[in-house]
Amino acid sequence: GGGDSASLAATSRQLPIEVTVDLAQIQIQSRAVGELSVGDILMTDLEASSEATLRVGSLNLYKVSMGTLEGRSAVRLGCSVNSESAAEFDSVLS
């Protein structure tokens with residue numbers, strides 16, 4: 001009945017989901033991939049203060065800024081990327 005769907009919706013909001021922060025995409029020669037080693041640095045065209053995008057699956061949800069907190073990498077949520085993605089994400093959970 002209706003109670004079951006409400007219970008399922010409440011449970012689905014408590015399940016862990018993977019959140020991805022896309023900082024930059026770069027292109028390198030395919031042969032260079034095989035030559036990568038620990039300690040190599042891949043440069044991007046981004047300023048260090050550039051915003052990144054937080055997404056869940058293919059849905060871009062927020063612009064974020066990168067930083068550190070208590071010695072750990074962190075992201076600070078900024079503005080919502082677009083209301084359609086947020087509404088689509090909410091509809092998946094309800």
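For the structure, check the block above.
What you see is a predicted model, and the numbers here were worked out from it, not measured in a lab.

**Brief notes about the overall build of the protein**
Alright, step 1. Tallying secondary structure elements over the protein gives three helices and four strands in all.
Alright, step 2. Taken from the N to the C terminus, the helices and strands of the protein come in the order α-β-α-β-β-β-α.
Alright, step 3. For the protein, the proportion of its 94 residues judged to be buried stands at 13%.
Alright, step 4. Within the protein, counting contacts between residues at least 6 apart in sequence, those at least 24 apart form 41% of the total.
Alright, step 5. For the protein, the computed accessible surface area is about 7700 Å², with 51% contributed by carbon and sulfur atoms.

**Re the pairing of strand E4 (residues 72-80)**
Alright, step 1. Both strand E3 (residues 59-69) and E4 contribute to a ladder of seven bridges, which runs antiparallel. If you follow Val64 over to E4, its bridge partner there is Leu77.
Alright, step 2. Between E3 and E4, which pair antiparallel one after the other, the connecting turn spans two residues, and Glu70 there sits at a positive phi close to 55 degrees.

**Some thoughts on a nonpolar patch on the surface**
Alright, step 1. Taken together, Val21, Leu23, Leu46, Met66 and Val75 make up a surface patch of nonpolar side chains, about 380 Å² in accessible area.
Alright, step 2. Its location among the elements puts Val75 in strand E4.

**Description of the environment of Gly57**
Alright, step 1. Following the sequence through the fold, Gly57 ends up in the loop between strand E2 (51-56) and E3.
Alright, step 2. According to the relative accessible area criterion, Gly57 is partly exposed, its value standing at 46%.

**Focus on the sheet that holds E3**
Alright, step 1. Sheet architecture is open: four strands sit in the order E1-E2-E3-E4, paired in antiparallel fashion. Strand pairing shows two members of the sheet lacking a second neighbour, strand E1 (20-22) and E4, which therefore form its edges. Going across the sheet, the axis of each strand differs from the next one's by a mean of 40 degrees, ignoring polarity.
Alright, step 2. Relative to E2, E1 is paired through three bridges, and the arrangement is antiparallel.

**Some remarks on the nonpolar core**
Alright, step 1. Grouped together as the largest cluster of nonpolar side chains are six residues: Ala52, Leu54, Val56, Leu59, Leu61 and Val64.
Alright, step 2. For this core, the secondary-structure elements that each account for two or more residues are E2 and E3.

**Side note on the side chain of Thr53**
Alright, step 1. Position of Thr53 relative to the elements: it lies in strand E2.
Alright, step 2. Exposure remark for Thr53: the relative accessible area of 15% places this residue in the buried category.
Alright, step 3. In terms of polar contacts, Thr53 uses its side chain to reach the side chain of Lys63, at 3.3 Å.
Alright, step 4. When near neighbours in sequence (up to four residues on either side) are disregarded, Thr53 contacts Thr20, Val21, Asp22, Asn60, Tyr62, Lys63, Val64 and Val81.

**What to know about the pairing of E3**
Alright, step 1. Relative to E3, E2 is paired through six bridges, and the arrangement is antiparallel. Considered in E3, the bridge of Leu54 is made with Tyr62.

About the criteria used
- Here the residue numbers are simple positions, counted from 1 along each chain's written sequence.
- This being a predicted model, a pLDDT of at least 70 is required before a residue's local features are given, and a value of 80 or more before pairs of side-chain atoms are given or counted; all residues contribute to the totals for chains, interfaces and linings.
- In computing side-chain properties, one takes all heavy atoms of the structure into account and sets aside hydrogens as well as water.
- Strands are runs of DSSP state E lasting at least 2 residues, helices are runs of H or I lasting at least 4, and numbering of each runs from the N terminus.
- Residue exposure (1.4 Å probe, protein chains only): buried if accessible area is under 20% of the type maximum, exposed if over 50%, otherwise partly exposed.
- In what follows, residue pairs with any heavy atoms lying within 4.5 Å of each other are defined as contacts.
- Methods summary: accessible areas were calculated by the Shrake-Rupley approach with a probe of 1.4 Å, and residue burial reflects only the protein chains presented.
- Should DSSP find at least two bridges between two strands, the strands are taken to pair.
- A patch consists of residues exposed above 30% relative accessible area that lack any salt bridge, with like charges linked at up to 9 Å and nonpolar side chains (Val, Leu, Ile, Met, Phe, Trp, Tyr) linked at up to 5 Å.
- Think of a salt bridge as a Lys or Arg side-chain nitrogen and an Asp or Glu carboxyl oxygen that are within 4 Å of each other.
- For helices, the fitted line uses only the C-alpha atoms of the stretch in contact; every axis is such a line through C-alpha atoms, and the angle between N-to-C directions lies from 0 to 180 degrees.
- Throughout, nonpolar core names a set of buried Ala, Val, Leu, Ile, Met, Phe, Trp, Tyr and Cys residues whose side chains join them through atoms within 4.5 Å.
- Any pair of nitrogen or oxygen atoms within 3.5 Å is treated as a polar contact; in protein, a donor-acceptor pairing is required on top of that, and neighbouring residues in sequence qualify only through side-chain atoms on both sides.

By themselves these figures say nothing about function.
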